[in-house]
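Chain by chain, the residues run as shown.
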There are 2 protein chains.
Amino acid sequence: MAANRRPTLADVAKEVGVSAKTVSRVLNEDGPSSPQTRERVLAAVAKLGFQPNLMARNIRVGGPDTTVGLVVPDLGNPFFGTVASGIEDVVRSRGLTLLMGSSAEDPDREKALIQTFLARRVSVLMVVPAFGADHSHLKAPRTAGLPVVFLDRPGVGLSADCVVSSNRTGVHEGVSHLIARGHSRIGFIGDLPAKLYTQRERLAGYRSALAEAGLPYDRTLVTGAHSQDGAASETTALLNLPNPPTAIFAGNNMMALGVIAQLARARRKDIALITFDDLPLAEALEPALTVVAQDPATIGETAAKTALARLDGAHSRVRTIMVPTRLVIRGSSELLPHAARPTTARN
Amino acid sequence: MAANRRPTLADVAKEVGVSAKTVSRVLNEDGPSSPQTRERVLAAVAKLGFQPNLMARNIRVGGPDTTVGLVVPDLGNPFFGTVASGIEDVVRSRGLTLLMGSSAEDPDREKALIQTFLARRVSVLMVVPAFGADHSHLKAPRTAGLPVVFLDRPGVGLSADCVVSSNRTGVHEGVSHLIARGHSRIGFIGDLPAKLYTQRERLAGYRSALAEAGLPYDRTLVTGAHSQDGAASETTALLNLPNPPTAIFAGNNMMALGVIAQLARARRKDIALITFDDLPLAEALEPALTVVAQDPATIGETAAKTALARLDGAHSRVRTIMVPTRLVIRGSSELLPHAARPTTARN
DNA sequence: GTGAAAGCGCTAACAG
DNA sequence: CTGTTAGCGCTTTCAC
């Protein structure tokens, strides 16, 4: 249990009988070194279990730390986990390690986390902005050369690269699909009132699809909640409307769960449904769930590539990159509205 | 776009006209300082946007870096994401930041990641061991005082603290529940042959529940796959048996998805089902899915507390801590076996 | 209360 | 091919 000091470069040097710099050279394959010394250094390294102190190295080299700072609102959300996965896949080859933390959707906590990352001199900073957060405090670090990329939602108070899902287009496509099936009264249940960028965009997509089809926008069909149970209640409310919808679009995962649960409880198999964001069990539902699937891995990869390009000195204008969603038609969207339903079985 | 050097302690000192040490004192609230200097230092810090370089600090102080290294097999898996969330909740108050990486269930990649973390002098190391990985290389760092904790699965080749789900007991409870409902032929579909610790434990729980009830262990009822589709096929195979099971226990999430999908496709609503690990849509299925739920947040918290206790010098023997699972009875397990079928389970 | 010098572990810059 | 010196940004130690 002895707390032996971890060996240092000097320890290895002494063991071998060379200078510290020589050991450094061997380990970093910097400059030349004779096979023999090489051999003996490596042996000593193995014997002592030496591991170079990356902090000391980074500090001397002067550059940023070989880390990527990533702030997400919720570590347990698989969407962000998959985003992180995409980032790691890209930055790993550059020897960068992921520094991760959760803002818990709290601006203060986000800021504290970012400060910590800045103090650690991360190579790049990637942030999924918390609701209500401001990022003007990142101006100085950015000017000093720190690549900053926002993911999933644009940042506020700072002009920086941004990678988001094509929320608006995705919902537009989904709603158009329902309209093409004959639905004209389509409910929208989102995380409303829309405090979050993503929800605003998705609602806009809903509206644009209606407009494109020449359908009226009926405010009574648009509702929202902030929990699964809330979404369930809103589902009931929609279905109890004098002129109820024949189809529902759920604006995010949580809403989707509430809507699905409620439709199941109410045994309403006659309501068409599309949800935003895929779910693991989507295929096993009856009917299987049609979704507008996002591509979090690609979001992460794209953001990472963008950031690394900046790190390599890319000076192009800041961009907002849309990662396409994909309409996955499974079955829940194929139900025809009551009016159109009667006789003909669909193909 | 000028890449101005980030300001240093010396810059602040020069700005104020004091020594670097004075600035350091003010910032760390170490030693005394006159209100005036304090004031002026703080002003200069704000003006220059100075942020102390944590790497430099850590290197001088000599202790470990204020980071927690966490290795998981898959960043996109919400189970591990929630584990990470639990860890962060605990270590955040100590000012520790999460350094995270994915082994992709590859021992070599896991080892490389661990080496990187060691080189960064993480304060504690937490690992969800990849299948086939060996951890004897961690003996030296551990002896040198690095707390090491394994999560979800025990490590190999190293005696260290370990926090796992009560897999065996959890499955035992689930299977006993099915037996109590009158089922005597219960299929088990796992990630078999069981390469992973968790699967071995869960299978053991299955067997012990049968044994406890005096039921025979029928090998034809125990099967496995490594994919969702595989699980679906195995489900079909089980149901086509001459003497098929009336209930199925799915050994993990992936198996669960396959089984559920296949039962839905085959319209077999007469098969009781319990799966290990909860699913977001479990309540919305028909019938709602009974699960043996794990508690990943508690696993993470427990592991973090254990590691921090070691960091604080706890010298107790290494322990394996079981985090209880919870049988969540929803509906899919309440189906009774075909009344007509006599339970002639032999051979 | 404050400062000067030394040094954490490592590498850049120059020797030889 | 290898060693020496200096210094990254910070804190420790010891002075005043």
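Since this is a predicted model, take the numbers as computed values, not measurements.

K.L.:
Can you walk me through the interface of chain A and chain B in this structure?
P.N.:
Reports of interface size often rely on the accessible area that becomes lost once the parts have come together. Each side of the interface is counted separately: chain A has 59 residues, and chain B has 59 residues. Between chain A and chain B, roughly 5400 Å² of surface is buried when both sides are summed, and carbon and sulfur atoms account for 58% of that area. Considering only the surface of chain A that becomes buried against chain B, A:Met55, A:Arg120 and A:Arg121 emerge as the three largest contributors, covering 14% of it. Between chain A and chain B we count eight salt bridges in total. Ionic pairing is found between B:Arg120 and A:Asp65, a salt bridge with its closest N-O pair at 3.1 Å. At the boundary of chain A and chain B, one finds 18 residue pairs in polar contact (both at pLDDT 80 or more). Of all the elements in the fold, those that place two or more residues in the side of chain A that touches chain B are α4 (54–61), α5 (78–91), β2 (97–102), α6 (107–119), α7 (139–143) and α11 (253–265) of chain A. Residue composition of the side of chain A that touches chain B, by class: 30 nonpolar, 17 polar and 12 charged. As judged from the three bridges shared by β2(A) and strand β2 (residues 97–102) of chain B, these two strands associate in the antiparallel manner. Residue A:Leu99 lies in a different strand from β2(B), and its bridge partner there is B:Leu99.

K.L.:
Would you explain the side chain of A:Asp152 in this entry?
P.N.:
Mapped onto the elements of the fold, A:Asp152 is located in the loop between β4 (148–151) and β5 (161–165). Residues within four places of A:Asp152 in sequence aside, it is in contact with A:Phe79, A:Phe80, A:Val128, A:Val163, A:Val164, A:Tyr197, A:Thr198 and A:Gln294.

K.L.:
What is the right way to look at the protein's contact with DNA strand C in this model?
P.N.:
Inspection of the region around DNA strand C gives 24 residues, with A:Leu9, A:Ser24, B:Thr22, B:Arg25 and B:Arg60 positioned closest. For DNA strand C, the fraction of protein-proximal atoms (within 4 Å) that sit in sugar or phosphate groups is 56%. The separation between a phosphate oxygen of DNA strand C and a polar side-chain atom of A:Ser24 is 2.7 Å. Separating a phosphate oxygen of DNA strand C from a side-chain N or O atom of B:Thr22 is a distance of 2.3 Å. When residues of the surface near DNA strand C are traced back to their parent elements, those giving at least two are α2 (20–28) and α4 of chain A together with α2 (20–28) and α4 (54–61) of chain B. Class assignment of the residues belonging to the surface near DNA strand C gives a composition of nine nonpolar, nine polar and six charged.

K.L.:
Teacher, can you tell me more about the packing of helix α8 (residues 167–180) of chain B against helix α9 (residues 197–212) of chain B here?
P.N.:
Residues and elements named next belong to chain B. Closest axis-to-axis distance for the α8/α9 pair is 7 Å, and the angle between their directions is 40 degrees. By the angle class used here, α8 and α9 are oblique. The handedness of the crossing between α8 and α9 is right-handed. Across from Asn167, Arg168, Val171, His172, Val175, Ser176 and Ile179 in α8, the residues of α9 making contact are Tyr197, Thr198, Glu201, Arg202, Ala204, Gly205, Tyr206, Ser208, Ala209, Leu210 and Glu212. For the contact of α8 with α9, the class distribution of residues is eight nonpolar, six polar and four charged.

K.L.:
Just checking my understanding: could you explain the pattern of salt bridges for this structure?
P.N.:
Once their charged atoms are close, side chains differing in charge can pair, the charge on each being opposite to the other. All names here are of chain A. Counting across every chain of the model gives 30 salt bridges over all chains. Put simply, Glu201 and Arg168 hold a salt bridge, and the shortest N to O gap is 3.1 Å. Remark: Arg168 occurs in helix α8 (residues 167–180) and Glu201 occurs in helix α9 (residues 197–213); sequence separation between them is 33 residues. We classify Glu201 as buried; its relative accessible area is 15%. Among the residues examined, Arg168 registers a relative accessible area of 41% and is labelled partly exposed. With its nearest N and O atoms 3.1 Å apart, the salt bridge here joins Asp218 to Arg185. Of this pair, Asp218 sits in the loop between α9 and β7 (222–224) while Arg185 sits in the loop between α8 and β6 (186–190); the two residues are 33 residues apart in sequence, bridging distant segments of the chain. Overall, Asp218 belongs to the partly exposed group, its relative accessible area being 22%. Given the relative accessible area of 18%, Arg185 is considered buried. One network of salt bridges, in which partners are shared, links Glu105, Asp152 and Arg153.

Reading the values: the criteria
- Residues numbered from 1 in each chain as written.
- Chains lettered and ligands numbered in written order.
- Predicted model: local features only at pLDDT ≥ 70, side-chain atom pairs only at ≥ 80, totals over all residues.
- Heavy atoms only, no water.
- Contact = heavy atoms within 4.5 Å.
- Buried area = accessible area lost by both parts, 1.4 Å probe.
- Salt bridge = Lys/Arg side-chain N within 4 Å of Asp/Glu carboxyl O.
- Polar contact = N/O pair within 3.5 Å; in protein donor to acceptor, adjacent residues only side chain to side chain.
- Helix = DSSP H or I, 4+ residues; strand = E, 2+ residues; numbered from the N terminus.
- Nonpolar A, V, L, I, M, F, W, Y, C, P; charged D, E, K, R; others polar.
- Pairing = 2+ DSSP bridges.
- Near = heavy atom within 4 Å.
- Axes fitted to C-alpha atoms, helices over the stretch in contact; angles between N-to-C directions.
- Parallel < 35°, antiparallel > 145°, perpendicular 65-115°, else oblique.
- Left-handed = near helix turned anticlockwise from the far one by under 90°.
- Buried < 20%, exposed > 50% of the residue type's maximum accessible area, 1.4 Å probe, protein only.

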